[in-house]
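Chain by chain, the residues:
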Amino acid sequence: MRLTPAGLATAVAGGAGLVLVVGAVLVSMLLAVAITGASVAVCAVVMRSLLNGRLHR
């Protein structure tokens, strides 16, 4: 199979586009996990504070 220069340029552009799309999806998933973890941690601290305040009264 021989590629013409135009075909090679198209293949390179398609590969680069695919890498960018997959990278964006993975970064957004990582960011979603980080935000979820942070919000769960904040909720845990608030709940602990509320429960400790109720037990000490």
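Residues numbered from 1 in each chain as written. Predicted model: local features only at pLDDT ≥ 70, side-chain atom pairs only at ≥ 80, totals over all residues. Heavy atoms only, no water.

Asker: For the overall build of the protein chain, give the residues involved together with the corresponding values.
Answerer: Secondary structure summary: the protein chain contains 1 helix and 0 strands in total. Relative to the globule expectation of 10 Å for 57 residues, the C-alpha radius of gyration of the protein chain, 24 Å, shows a markedly less compact shape. Over its C-alpha atoms, taken along the principal directions, the protein chain stretches across nearly 80 × 15 × 5 Å. Within the protein chain, the proportion of its 57 residues that are buried is 0%. Of the roughly 5,200 Å² of accessible surface on the protein chain, a fraction of 77% belongs to carbon and sulfur atoms. (Helix = DSSP H or I, 4+ residues; strand = E, 2+ residues; numbered from the N terminus. Rg over C-alpha atoms; globule rule 2.2 N^0.38 Å. Buried < 20%, exposed > 50% of the residue type's maximum accessible area, 1.4 Å probe, protein only. Areas by Shrake-Rupley, 256 points an atom, 1.4 Å probe, with all protein chains shown as cover.)

Asker: Summarise a nonpolar patch on the surface; cite the residues concerned and give the values.
Answerer: Residues Leu18, Val21, Val22, Val25, Leu26 and Met29 make up a contiguous nonpolar surface patch of roughly 570 Å² in combined accessible area. Tracing the backbone through its elements, the reader meets valine 21 in helix H1 (residues 5-55). The exposure class of valine 21 is exposed, given its relative accessible area of 53%. (Patch = residues over 30% accessible without salt bridge, like charges linked within 9 Å, V, L, I, M, F, W, Y side chains within 5 Å. Salt bridge = Lys/Arg side-chain N within 4 Å of Asp/Glu carboxyl O.)

Function cannot be read off these values alone, since they describe shape.
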